[in-house]
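# Working through the structure, step by step
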Amino acid sequence: MKKKLRIWMNRRSKMQIIALGFLCLILFGTFLLMMPFSARSGEVTDFGDALFTATSATCVTGLVRVDTWAHWTVFGQIVILLLIQTGGLGFMTVSVLFSIVLKRKIGLRERGLLSESVNALQVGGIVHLMKKILMGTVLVEGAGAALLSLRFCRELGFLRGIYYGIFHSVSAFCNAGFDLMGYQGEYSSLINYSGDWLVNLTITALIFIGGIGFIVWDDVSRHGIHFKKYRVHSKIVLTTSTVLLFGGAFLFYIFESKNLALGLSGGETFLTCLFDSVTTRTAGFNTTDIAQLSDSSKLLSIILMFIGGSPGSTAGGIKTTTFLVLLLYVRANIKRTRGVNIFRRRIDDDAIKRASGVACTNMLLALTAALIICGNQALDLRDVLLETVSAISTVGMSTGITRELTAISQFAVILLMYSGRVGSLSMALSFTERKKISPYELPEEKILIG
């Protein structure tokens, strides 16, 4: 049996194994969440709600059908937390942790899977990078948990405060957006902390650090603050992420100055706009009522969610590198220059093709799901588009329609979350990865474009 399984696994591509691993993790999480002791009511949770929650946690999205605090027991919450951590780092990264603890040798095929799992630029040194990732995760999440516990312990007591600090630190770092604030009001997220500097800045820092990617971590650990020594990848990620963070905050301020920001103090307005900007980049927490945002802010949220975080991170979306490469490609076509250049380097053509493929695939999936939901239910189109982009980009922001979705609509959102975490284009390519490429080319003919 073991031999047959090994042969079957060897015939699978790396992407197929990763996709299958996430699927198994989701199904196992669904099984645990359906147990009577996972729900406060002591009853078996509906399969659809358990599957939706397990998918959202594993795919670090944050969309929920039931309030995490009000519905789940501590056991159920810990299951969700473990799914978030494993899904955020990637199950292959977690498997390396066990291999290191058990002092088991990591083979070449496993190294290849690790490289694919975290979008590493090369297989060489991947185990060393994994150790850095695991150590960095412990340090960052630990620091975040300690800071958040300072606030929560004062409100909830010592043990519960520490538990809340750990849960929200892991959820923020993994860009998941799950919270335990239901005791203040179901689905309230962090609304009651909109003016709290400690909670806002800590969560913002965790989201940003988790969303820039492990390759950037490696560059920063090697070269410190010497920006010129970084890889072009890291330079693009840090530059684009910073511009989107503060640019998004500025636009939120303009759009909400006469709406939700009206009557707020200067400090609270700054925190709210900054938090809105960072959380739309795939985190899912919110300190404002998303349903009450102006139409311009909802559109801005959709754009920021679609872009998302950076490759090889806990974030989703088409990624910052994809966004910038496409912009540079458009500029190169307008200026009629050869190739796409940035930071005195030329971007290879395969990266440009992949960027266009990722952006188009994500857009088509989000629009297709929106058509399915709108055709199935009478919901506001703006809310549906925000929901589908939130799902494919594994963000978790919602105007509240998640709880109104029918079984068909739920399934569409589940597929979006799964595709967004595994990688929509990577998942599609996995089915043709072993397909033989024909050595012949058909005759070329010009067509009109634009």
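What you see is a predicted model; the values in this text were computed from it and never measured. (Residues numbered from 1 in each chain as written. Predicted model: local features only at pLDDT ≥ 70, side-chain atom pairs only at ≥ 80, totals over all residues. Heavy atoms only, no water.)

The first and last C-alpha atoms of helix α3 (residues 47-58) sit 16 Å apart over 12 residues, in line with the 16 Å expected at 1.5 Å per residue. Of all the residues in α3, the buried ones are D49, A50, L51, F52, T53, A54, T55, S56, A57 and T58. With a side-chain oxygen lying 3.0 Å from the backbone nitrogen of G48, the N-terminal cap of α3 falls on D46. (Helix = DSSP H or I, 4+ residues; strand = E, 2+ residues; numbered from the N terminus. Expected span 1.5 Å × (residues − 1). Buried < 20%, exposed > 50% of the residue type's maximum accessible area, 1.4 Å probe, protein only. Polar contact = N/O pair within 3.5 Å; in protein donor to acceptor, adjacent residues only side chain to side chain.)

Taken as a whole and judged by the stated rule, the model has eight salt bridges. Put simply, D49 and R65 hold a salt bridge, and the shortest N to O gap is 3.2 Å. Of this pair, D49 sits in helix α3 while R65 sits in the loop between α3 and α4 (68-71), and the two are 16 residues apart along the sequence. R65 carries the same exposure label as D49, and that label is buried. Among the salt bridges present, the one from D383 reaches K298, with a minimum N-O distance of 3.5 Å. One end of the pair, D383, is in helix α17 (residues 381-392); the other, K298, is in helix α14 (residues 295-307), and 85 residues separate them in sequence. With respect to class, D383 is no different from K298; both count as buried. (Salt bridge = Lys/Arg side-chain N within 4 Å of Asp/Glu carboxyl O.)

Glancing now at the packing of aromatic side chains. Inspection of every chain in the model, using the stated rule, returns 11 aromatic pairs. Between F152 and Y193, the aromatic rings sit 5.9 Å apart at their centres with planes inclined by 85°, giving edge-to-face as the arrangement. Of this pair, F152 sits in helix α8 (residues 126-156) while Y193 is found in the loop between α9 (158-173) and α10 (197-212), placing the two residues 41 residues apart along the sequence. The class of F152 is buried, set by a relative accessible area of 1%. Consider the rings of F227 and F343, whose centres lie 6.2 Å apart with planes at 70°: the pair is edge-to-face. (Phe/Tyr/Trp six-rings, centres within 6.5 Å; stacked < 30°, edge-to-face > 60°.)

Attention shifts here to the layout of surface pockets. Estimates place the volume of the second largest pocket at around 440 Å³. Looking at the lining of the second largest pocket, its residues break down into eight nonpolar, 12 polar and four charged. (1 Å grid on protein atoms, 1.4 Å probe; cavity = no way out; pocket = protein on both sides within 12 Å on 5 of 7 lines; lining within 4 Å. Points joined across faces, edges and corners; volume = space filled by probe spheres on them. Nonpolar A, V, L, I, M, F, W, Y, C, P; charged D, E, K, R; others polar.)

This next bit is on the environment of K319. Counting through the fold element by element, K319 comes out in the loop between α14 and α15 (320-335). Among the residues examined, K319 registers a relative accessible area of 15% and is labelled buried. Contacts of K319, omitting those with residues within four sequence positions, involve I307, G309, S310 and P311. A polar side-chain atom of K319 sits 3.2 Å from the main-chain carbonyl oxygen of G317. (Contact = heavy atoms within 4.5 Å.)

Think of an α-helix as 3.6 residues a turn; residues three or four steps apart then line up on the same face. Helix length check: α10 (16 residues) gives 22 Å between terminal C-alpha atoms against 22 Å at 1.5 Å per residue, within 8%. For α10, the capping residue at the N-terminal end is D196, with a side-chain oxygen 3.0 Å from the backbone nitrogen of L198. Just downstream of α10, G213 is the residue with a positive phi angle, here 105°.

No statement about biological role is implied by the geometric values presented.
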